[in-house]
Amino acid sequence: MELEADIAKFPKPNSHDVVVKPISSVDCDAVIDIWLSGLKQTSMSFDALSRIRRKMHFGLKQYGETATGQGGDMNPSAILVEWAGCDSLGKSMFVAHIGDVVVGLCGVARGCTQMGDDSDSAIPKNTFSLWRMSVSPAARRMGIGAKLCDAVESFARQKGGERIRCVTANPLAARFYQSRGFVVMAPHPIAAWYEKPL
């Protein structure tokens, strides 16, 4: 993959080398590639012989195709409309860079839908949710996920957020979120919602 070759040009980064900022038009293709690789990692995190893995692989592949297809929020022509410049709506996407290489992404939205539409009146307006968290396979275990979480949590606090939620089916991601103070709200054999006070 081209991204891994680009990252290999850099020495192992320290926390000062990673810059997190709102998404821009030049980030879109890399963001899509990294997010799709994250979906693949999620499906591969289940036992190779399990029926759950086969179902997850098929379901996440279909989910990726829908999200990056016509009308999806990760479609190259829609990603900026859906995620960039939406601060006033209480949503944004942040991108991590090492130099000029995109190495991770994370979206944040008011409410518990990635669209940030607050359509569920049972969800308090001071609740935000984290979406699309993904780090390039070549850049994992370098603190990039933590920097992305810091950025979305800060954004949510600035918008009046008192708690943040996320949902994941990836056991590695679940451990990461728990290490950041998220606790399971509703256990589920495949995917669970997590919440953290801000």
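Residues numbered from 1 in each chain as written. Predicted model: local features only at pLDDT ≥ 70, side-chain atom pairs only at ≥ 80, totals over all residues. Heavy atoms only, no water.

**Examining the overall build of the protein chain**
Okay, step 1: For the protein chain, the count of helices and strands is 6 helices and 7 strands.
Okay, step 2: The N-to-C order of helical and strand elements in the protein chain reads α-β-α-α-α-β-β-β-α-β-α-β-β.
Okay, step 3: Every one of the 198 residues in the protein chain was classed for burial, and the buried ones make up 47%.
Okay, step 4: The long-range share in the protein chain, meaning contacts at least 24 apart out of those at least 6 apart in sequence, stands at 65%.
Okay, step 5: Within the structure as shown, the protein chain displays about 10,100 Å² of accessible surface, and the carbon and sulfur contribution to it stands at 56%. (Helix = DSSP H or I, 4+ residues; strand = E, 2+ residues; numbered from the N terminus. Buried < 20%, exposed > 50% of the residue type's maximum accessible area, 1.4 Å probe, protein only. Contact = heavy atoms within 4.5 Å. Areas by Shrake-Rupley, 256 points an atom, 1.4 Å probe, with all protein chains shown as cover.)

**Comments concerning the packing of aromatic side chains**
Okay, step 1: Counted by the stated rule, this structure contains 4 aromatic pairs.
Okay, step 2: An aromatic cluster is present here, built from Phe176, Tyr177 and Phe182 joined pairwise through their rings. (Phe/Tyr/Trp six-rings, centres within 6.5 Å; stacked < 30°, edge-to-face > 60°.)

**Let's talk about the layout of surface pockets**
Okay, step 1: Approximately 980 Å³ is the volume found for the largest pocket.
Okay, step 2: Only helix H2 (28-44), helix H3 (51-68), strand S4 (127-135), helix H5 (144-158), strand S5 (163-168) and helix H6 (171-179) provide two or more residues apiece to the lining of the largest pocket.
Okay, step 3: Classifying every residue of the lining of the largest pocket gives 21 nonpolar, 10 polar and 4 charged. (1 Å grid on protein atoms, 1.4 Å probe; cavity = no way out; pocket = protein on both sides within 12 Å on 5 of 7 lines; lining within 4 Å. Points joined across faces, edges and corners; volume = space filled by probe spheres on them. Nonpolar A, V, L, I, M, F, W, Y, C, P; charged D, E, K, R; others polar.)

**Comments concerning H5**
Okay, step 1: Counted at 1.5 Å a residue, the expected span for H5 with its 15 residues is 21 Å, and the 21 Å between its end C-alpha atoms agrees.
Okay, step 2: Taken together, the buried positions of H5 are Ile144, Gly145, Leu148, Cys149, Ala151, Val152, Glu153, Phe155 and Ala156.
Okay, step 3: Looking one or two residues past H5, Gly160 carries a phi angle of roughly 90°, positive in sign. (Expected span 1.5 Å × (residues − 1).)

**Notes on the pattern of salt bridges**
Okay, step 1: Scanning all chains against the criterion turns up 5 salt bridges.
Okay, step 2: For Glu153, the salt bridge is made with Arg180, and the minimal N-O distance between the two is 3.4 Å. You can see Glu153 sitting in helix H5 and its partner Arg180 sitting in the loop between H6 and strand S6 (183-186), a full 27 residues away along the chain.
Okay, step 3: Residue classification places Glu153 among the buried residues on the basis of a relative accessible area of 4%.
Okay, step 4: For Arg180, a relative accessible area of 17% puts it in the buried group.
Okay, step 5: The partner of Arg163 in a salt bridge is Glu195, and the shortest N-O contact between them spans 3.9 Å. Of this pair, Arg163 sits in strand S5 while Glu195 sits in strand S7 (residues 192-197), placing them 32 residues apart in sequence.
Okay, step 6: On the basis of relative accessible area, Arg163 is assigned to the partly exposed category, the value being 22%. (Salt bridge = Lys/Arg side-chain N within 4 Å of Asp/Glu carboxyl O.)

**Some points on the pairing of S4**
Okay, step 1: Burial analysis of S4 places 9 of its 9 residues in the buried class, the great majority of the element.
Okay, step 2: Here strand S3 (residues 101-110) pairs with S4 via 6 bridges, running antiparallel. By the bridge assignment, Gly104 is partnered in S4 with Val135.
Okay, step 3: In terms of strand pairing, S4 meets S5 through 3 bridges, oriented parallel. Looking across to S5, one finds that Phe128 is bridged to Ile164.
Okay, step 4: Taken together, S4, H5 and S5 form a β-α-β motif whose crossover is right-handed. (Pairing = 2+ DSSP bridges. Right-handed = clockwise from strand over helix to strand, strands pointing away.)

**Overview of the confidence of the model for the protein chain**
Okay, step 1: Looking at the protein chain as a whole, its pLDDT mean stands at 81, while 78% of the residues score no less than 70.
Okay, step 2: Mean pLDDT per element in the protein chain: helix H1 (residues 2-8) is the minimum at 52, and H5 is the maximum at 96. (pLDDT = per-residue confidence, 0-100.)

**Quick word on the environment of Ser129**
Okay, step 1: Structurally, the position occupied by Ser129 is in strand S4.
Okay, step 2: Put simply, Ser129 and Val167 are 38 residues apart on the chain and 8.6 Å apart in space, counted from C-alpha to C-alpha.
Okay, step 3: Within the local environment of Ser129, its side chain forms a polar contact with the side chain of Trp131, the two groups lying 2.6 Å apart. (Polar contact = N/O pair within 3.5 Å; in protein donor to acceptor, adjacent residues only side chain to side chain.)

**Here we look at the sheet that holds S3**
Strand pairing in a sheet takes place through backbone hydrogen bonds and is either antiparallel or parallel in direction.
Okay, step 1: Pairing is mixed in the open sheet, where 7 strands are placed in the order S1-S2-S3-S4-S5-S7-S6. With partners counted over all chains shown, the strands left at the sheet margins are strand S1 (18-22) and S6, one partner each. The average angle at which neighbouring strand axes cross in this sheet is 30°, direction not considered.
Okay, step 2: H5 rests against S1, strand S2 (91-98), S3, S4, S5 and S7 of the sheet, and its axis sits at about 155° to S4.
Okay, step 3: The strands touched by H6 are S4, S5, S6 and S7; relative to S5, the strand with the most contacts, the crossing angle is about 165°. (Axes fitted to C-alpha atoms, helices over the stretch in contact; angles between N-to-C directions.)

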